[in-house]
Amino acid sequence: MIWQQLESLAGSYPLAMRGLGMTVVLSLIALVFGTLIGFGLGILRIGGSRVLSTVIGAWVDLIRGTPFLVQIFLIFFILPELGIKLDAFTAGIIALTNLNACFICEIVVAGIQSVPKGQVEAALASGLSKWQRMRQVVLPQAMRVVLPPLVGQYVLLIKDSSVVSAIGLTDLTRVGWLVVQRVPNGLLVFFLVGVGYFVVCYPLILLARRLEKRMSAAHGEVQL
Amino acid sequence: MARCSCELPSGRFSVVIEFQGVNKWFGSLHVLNDITLSVQPREVVVVCGPSGSGKSTLIRCINGLEQIQKGDLVVDEKRVGDPATNMTLLRTEIGFVFQSFNLYPHKTALENITLAPIHVRKTPRAQAEKDGRELLAKVGLGDKFNAYPSQLSGGQQQRVAIARCLAMRPKIMLFDEPTSALDPEMISEVLDVMVAVAEEGMTMMVVTHEMGFARRVAQRVVFMDQGSIVESGAPEEFFSNPKTERSKAFLGKILRH
Ligand SMILES: Nc1ncnc2c1ncn2[C@@H]1O[C@H](COP(=O)(O)OP(=O)(O)OP(=O)(O)O)[C@@H](O)[C@H]1O
Ligand SMILES: [Mg+2]
């Protein structure tokens, strides 16, 4: 019986690869845009006008305080009501990017705030402009604090991307649901799905470790 | 080296820093109480006084690290805090040396020094690096250009910090207790650099309790207590013959150490 199930699973291999591909593509796009937007939001949260900072703060809290499944449904079902046509893929990208950007915003804010005040004062006193201070002095130092949770967030993102199966995108998780209808061994199927996610996440975890080592080797220790 | 204001180059304003009835509060705490003080070009003024008397706040107002709430503060002919004054531009003329050095830990000694010249003054990188190496040599660290701050001693870090300020060719240098975070054996190497800067004719305000330094290069010592300037005079005069009870008590305390 197990033999039969394995054979039938092997037949699902192309489908599984498609699902894995979808998960990777979704995550990658949301990772790139979420990071760019997240850094932008974090920097503006600290250095932007009061109004902008408050708006960003409120948005981030709203997104962090509501389930991702609800967000993705809202985007998928409500935007078309407002006349904005979008397919499941686009809706998934928007929802994931937004979620990712909001979490990264918080990570970046914490990183910026970890830079000692004296650093900003030294940069200020030497006549660097606001954005020069951010770019040359604050962000490079914030990165050491930002990097570990940032990569942790990427791992979460890949796992969160499984929620897009709820709006019908055939990602790795949905492939699991499809396969389990033909091969009634949920344990085996979802074990393999789990392996698929781990295979994508693990190199990221390794990469993070290497980056972290490289950064601290380049700087010497930060003095407090 | 003796200097006097009668040697001022003609045509220049005769005051670089002028406090006129300056007041500042932190909440309800009156930190600067009706400060009136002017500093001439090439003058070296030492500021001393007990902890919490407002010395740091006084010099931090000069480059706008703190804002004043009342009175007038004119620096290099520009009114500090006036919306018409470009503070970023004014700051390029004022070097500030911190008690805790505040070198950028992710940059080498040379990169610390060239950052502002390259990005603010728009000096070509090659020129900025050449100048930076010369400045490092001048503060006695010619071989340390590639060292990160964490690889330098406190005294070396503070000398890099001074070189970092000098690289902007400022008109004014402010020092906030530049040697009080240092081990005793490193104090003189930093003071020597400061003396050299003073002797080149830099206008300086120095918060310090280093009386030897004050005697060597200062034209004036200003004594602060509880946000006010209580006494001000030539170093010899102030140290040997303090006029107020508060300055006597203060000098008694620091000289006993
Ligand atoms: N950012 C701030 N907020 C509130 N109070 C402050 C702030 N900075 C300084 N103070 C207070 O203002 C007073 C003057 O501080 P300041 O640092 O100017 O004193 P100081 O003479 O430099 O003392 P020290 O010798 O300890 O450095 C102190 O009572 C201090 O606690
Ligand atoms: Mg102080």
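Quick caveat: nothing in here was measured; it's all calculated off a predicted structure. (Residues numbered from 1 in each chain as written. Chains lettered and ligands numbered in written order. Predicted model: local features only at pLDDT ≥ 70, side-chain atom pairs only at ≥ 80, totals over all residues. Heavy atoms only, no water.)

1. Observations regarding the packing of helix α3 (residues 109–119) of chain B against helix α4 (residues 125–138) of chain B
Residues and elements named next belong to chain B.
- Axis separation between α3 and α4 bottoms out at 9 Å; the angle between their running directions is 130°. Classified by the interaxial angle, the pair formed by α3 and α4 is oblique. The handedness of the crossing between α3 and α4 comes out as right-handed. Contacts between α3 and α4 pair Ala109, Leu110, Ile113, Thr114, Pro117 and Ile118 from the former with Arg125, Ala128, Glu129, Gly132, Arg133, Leu135 and Leu136 from the latter.
- The residue inventory of the contact of α3 with α4, partitioned by class, reads eight nonpolar, two polar and three charged. (Axes fitted to C-alpha atoms, helices over the stretch in contact; angles between N-to-C directions. Helix = DSSP H or I, 4+ residues; strand = E, 2+ residues; numbered from the N terminus. Parallel < 35°, antiparallel > 145°, perpendicular 65-115°, else oblique. Left-handed = near helix turned anticlockwise from the far one by under 90°. Contact = heavy atoms within 4.5 Å. Nonpolar A, V, L, I, M, F, W, Y, C, P; charged D, E, K, R; others polar.)

2. As for a nonpolar patch on the surface
Residues and elements named next belong to chain A.
- Taken together, Leu69, Val70, Phe73, Leu74, Phe77, Ile78, Leu82 and Ile84 make up a surface patch of nonpolar side chains, about 710 Å² in accessible area.
- Within the element layout of this structure, Val70 appears in helix α4 (residues 68–81).
- Here Val70 falls in the partly exposed class, since its relative accessible area comes to 39%. (Patch = residues over 30% accessible without salt bridge, like charges linked within 9 Å, V, L, I, M, F, W, Y side chains within 5 Å. Areas by Shrake-Rupley, 256 points an atom, 1.4 Å probe, with all protein chains shown as cover. Salt bridge = Lys/Arg side-chain N within 4 Å of Asp/Glu carboxyl O. Buried < 20%, exposed > 50% of the residue type's maximum accessible area, 1.4 Å probe, protein only.)

3. Description of the nonpolar core
- The biggest cluster of nonpolar side chains holds 51 residues, and the ones touching the most others in it are Leu96, Ile112, Leu150 and Tyr154 of chain A.
- Secondary structure elements with two or more residues in this core: α2 (13–47), α3 (50–64), α4, α5 (88–113), α7 (130–160) and α9 (186–219) of chain A.
- Look past the residues within four positions of Ile112 of chain A in its chain and what remains in contact with it is Gly42, Ile43, Ile46, Met134, Val138, Leu139 and Ala142 of chain A.
- One finds Phe101, Leu191, Ala214 and Phe250 of chain B within the second-largest nonpolar core, a separate group that totals 49 residues. (Core = buried A, V, L, I, M, F, W, Y, C linked by side-chain atoms within 4.5 Å.)

4. Things to note about the environment of Thr36 of chain B
All names here are of chain B.
- With respect to the element layout, Thr36 can be found in strand β2 (residues 29–39).
- Counting along the chain gives 14 residues from Thr36 to Val22, while the straight-line C-alpha distance between them is 6.6 Å.
- Thr36 has contacts with Phe19, Gln20, Gly21 and Ile229, leaving out every residue within four places of it along the chain.
- A polar side-chain atom of Thr36 sits 3.0 Å from the main-chain amide nitrogen of Gly21. (Polar contact = N/O pair within 3.5 Å; in protein donor to acceptor, adjacent residues only side chain to side chain.)

5. So, the confidence of the model for chain B
- Here chain B shows a mean pLDDT of 91. Residues at 70 or above account for 94%.
- The ipTM assigned to the predicted complex is 0.89, against a pTM of 0.86. (pLDDT = per-residue confidence, 0-100.)

6. Quick notes on empty space enclosed by the protein
- In this structure the tally under the stated criterion is two cavities of 30 Å³ or more.
- What the largest cavity holds in volume is close to 130 Å³.
- If you trace the largest cavity, you find 18 residues lining it, with Ala125 and Ser126 of chain A together with Phe96, Arg164 and Cys165 of chain B closest to the centre.
- For the lining of the largest cavity, the per-class residue count stands at 12 nonpolar, four polar and two charged. (1 Å grid on protein atoms, 1.4 Å probe; cavity = no way out; pocket = protein on both sides within 12 Å on 5 of 7 lines; lining within 4 Å. Points joined across faces, edges and corners; volume = space filled by probe spheres on them.)

7. A few points about the sheet that holds strand β5 (residues 78–79) of chain B
All names here are of chain B.
- Here four strands make up an open sheet; going across it, the order is β2-β1-β4-β5 and the pairing antiparallel. Pairing within the sheet leaves two strands with one partner each, and these edge strands are β2 and β5.
- Of the pairings in the sheet, the one linking strand β1 (residues 17–26) to strand β4 (residues 70–75) comprises five bridges and is antiparallel in character. Looking across to β4, one finds that Asn23 is bridged to Lys70. (Pairing = 2+ DSSP bridges.)

8. Considerations on α3 of chain A
Residues and elements named next belong to chain A.
- Counted at 1.5 Å a residue, the expected span for α3 with its 15 residues is 21 Å, and the 21 Å between its end C-alpha atoms agrees.
- Buried within α3 we find Ser53, Ile56, Gly57, Val60 and Ile63. Angularly, the buried residues of α3 cover 135° about the axis, an arc narrow enough to put them on a single face. The exposed residues of α3 that point more than 90 degrees off its buried face are Arg50, Val51, Thr54, Val55 and Asp61.
- For α3, the elements touching its buried residues are α2, α4 and α5. (Expected span 1.5 Å × (residues − 1). Arc of directions from axis to C-beta.)

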